[in-house]
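# Coordinates in review
The residues making up each chain are set out below.
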Amino acid sequence: MFWPIVRPVRPGRIRGAGRRPSTARLGFSVIALALCLASLGCTSNDPARAGAERFIDRYYVEIDLPAAREHAVDFAVVKLEREMELLEGIEAPESAGKPQVNYSFLEERVGSDADHRGFLYELTITFGGGGQVIRRALVSVQNDGGTWRVANFQELD
């Protein structure tokens, strides 16, 4: 039977101790850090656009009209309440399933003043049977006491 010989480790004799990091390792670390910082800068921190996207998530993606109403004001509230009234008592067939909705930001449209802005999105709606529809949605937001809420929304063909 073979038994390995274990020697004590003396302080200061640990491999790599006291050496400078190689240039390749240092370069790799700098590039990795730069990529991480750059990826953080790609997300939108625009509160108006964030308000529009909260609404899109509730209305189009989750199909939750009462939750969408919480992110709406003025005419958008009227439209949502009318839609909820029309859909009252109607159940979606279980076989239909919930469509999958993905969206992407296309452009910003300047409003009449600093408290009004519009955002154009492309919606890709995929149904359970494999069908797919592409729509555009214009979402108008307004500053409502420091919170950006949807004032109107419409689908464009």
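The text that follows walks through the structure, step by step, so that each part is easy to find. Note on numbering: residues in each chain are counted from 1, in written sequence order. Owing to the predicted nature of the model, reporting of local features is limited to residues with pLDDT of at least 70; listing and counting of side-chain atom pairs is limited to 80 or more, with chain, interface and lining totals taken over all residues. Side-chain measures were taken over the full set of non-hydrogen atoms in the model, leaving aside hydrogen atoms and water.

## Things to note about the pairing of strand 2 (residues 116–126)
Each residue gets one of three labels from its accessible area relative to the maximum for its type: buried under 20%, exposed over 50%, partly exposed in between, using a 1.4 Å probe on protein chains only. Secondary structure follows DSSP: runs of H or I at least 4 residues long count as helices, runs of E at least 2 residues long count as strands, and numbering of each begins at the N terminus. Burial runs high along strand 2: eight of the 11 residues are buried. Judged from the 10 bridges that link them, strand 1 (residues 100–110) and strand 2 form a sheet pairing that is antiparallel. Looking at the pairing, N102 lines up with T124 of strand 2. Strands pair, by our definition, only if DSSP identifies at least two bridges between them. Joining the antiparallel neighbours strand 1 and strand 2 is a turn of five residues. Where strand 2 and strand 3 (residues 132–144) come together, 11 bridges link them in antiparallel fashion. The residue of strand 3 that forms the bridge with R117 is V141.

## Looking at the nonpolar core
Counting residues in each nonpolar core, the largest one holds 23 residues, and the members touching the most others are F55, Y59, Y60, L80, V141 and F153. Counting residues per element, the ones that place at least two in this core are helix 2 (47–61), helix 3 (65–69), helix 4 (74–87), strand 2, strand 3 and strand 4 (147–156). Of the residues forming this core, the biggest block, six residues, is contributed by helix 2. The criterion is simple. A nonpolar core is a set of buried Ala, Val, Leu, Ile, Met, Phe, Trp, Tyr and Cys residues joined through side-chain atoms within 4.5 Å.

## Concerning the pattern of salt bridges
By salt bridge we mean one thing: a side-chain nitrogen of Lys or Arg within 4 Å of a carboxyl oxygen of Asp or Glu. The tally for this structure, following the rule as stated, stands at eight salt bridges. Between E107 and R109 there is a salt bridge, with the nearest N and O atoms lying 3.1 Å from each other. For the salt bridge of R135 with E155, the shortest nitrogen-to-oxygen distance reads 3.9 Å. One end of the pair, R135, is in strand 3; the other, E155, is in strand 4, and 20 residues separate them in sequence. Judged by relative accessible area, R135 falls into the partly exposed class, the value being 31%. Residue classification places E155 among the partly exposed positions, given a relative accessible area of 43%. Connected through shared salt-bridge partners, D46, E108 and R117 make up one network.

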